[in-house]
Amino acid sequence: MTDAAHRLLWTIVALLLVAGGATALAAGSGALPFGEPDAVLLGSGLVDAWRVATPWSTLAAAVAGLLTAVAGQRLLHRALRRPDRALRGTLSRTGRLPGRTRLASEVLVRALERDLLRAPGVRRARVVLTGTPPCPDVWVRVDLASDARAGGVREHVHDAVRRFATTAGCRPAHLDVTARIEPVHP
């Protein structure tokens, strides 16, 4: 789960809790048409249905509570965990304002793979970076659909590697591209 998806999930959970609490408060104060200040919040019909399904309603509430607790534990674990891998490699920037940035090669690999998958007809892309950061060896494998245009894919791969080199500041010392075409199924 990405950080953005994680934040979105927490936001949805928070909004649901706020909406539930506001609804309960409004119903309990008599502000809603179905709410009475002196009545049970759930209503007598729901309380009667709960009592009719007594052994199963308690089990369903316990399972719902357990699932909620597990979901909360997973969210907290994700929020409090440390990064999986230590950052490796150093990218240097020359020019008027030189500097160094430590960056995990997995980040660069995933970015290049996502860029390669944008080409029409590319089903899968796999990238491996080896060597030193200023001039790594780049190994690319793309799996193509049987109807993919080889020329269009070749241009896209060339442009994606050029964008990668410009963005990361790494000129590939060696570039090896392997394209596999899926067999035609009748």
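Rules used throughout
- Residues numbered from 1 in each chain as written.
- Predicted model: local features only at pLDDT ≥ 70, side-chain atom pairs only at ≥ 80, totals over all residues.
- Heavy atoms only, no water.
- Core = buried A, V, L, I, M, F, W, Y, C linked by side-chain atoms within 4.5 Å.
- Buried < 20%, exposed > 50% of the residue type's maximum accessible area, 1.4 Å probe, protein only.
- Helix = DSSP H or I, 4+ residues; strand = E, 2+ residues; numbered from the N terminus.
- Expected span 1.5 Å × (residues − 1).
- Salt bridge = Lys/Arg side-chain N within 4 Å of Asp/Glu carboxyl O.

### Digging into the nonpolar core
Okay, so step 1: Counting 20 residues, the largest nonpolar core has L112, L116, V127, V138 and F164 as its most contacted members.
Okay, so step 2: Among the elements of the structure, helix 4 (105-116), strand 3 (122-130), strand 4 (137-144) and helix 5 (150-168) are those that each provide at least two residues to this core.
Okay, so step 3: Considering each element in turn, this core owes the most residues, 6 residues, to helix 5.

### Quick look at helix 5
Okay, so step 1: For helix 5, spanning 19 residues, the distance from its first C-alpha to its last is 26 Å, which sits close to the expected 27 Å at 1.5 Å a residue.
Okay, so step 2: Every buried residue of helix 5 is listed here: V153, H156, V157, A160, V161, F164, A165 and A168.
Okay, so step 3: Remark: G169 follows helix 5 within two positions and exhibits a positive phi of approximately 75°.

### Description of the pattern of salt bridges
Okay, so step 1: If you walk through the whole model with that rule in mind, you get 7 salt bridges.
Okay, so step 2: Notably, a salt bridge pairs R163 with D115, separated by 3.0 Å at the nearest N-O pair. Within this pair, whereas R163 is found in helix 5, its partner D115 is found in helix 4, the two being separated by 48 residues in sequence.
Okay, so step 3: By relative accessible area, R163 is classed as partly exposed at 32%.
Okay, so step 4: The exposure class assigned to D115 is buried, which follows from its relative accessible area of 10%.
Okay, so step 5: With its nearest N and O atoms 3.8 Å apart, the salt bridge here joins D159 to R162. Taken as a pair, D159 and R162 lie in helix 5 at a separation of 3 residues, close to a single helical turn.
Okay, so step 6: What makes D159 partly exposed here is its relative accessible area of 28%.
Okay, so step 7: Of the residues examined, R162 reaches a relative accessible area of 42% and is grouped as partly exposed.
Okay, so step 8: Taken together, the salt bridges that share partners define one network made up of R124, R141, D143 and R180.

Spatial relationships are all this shows, so hold off on functional conclusions.
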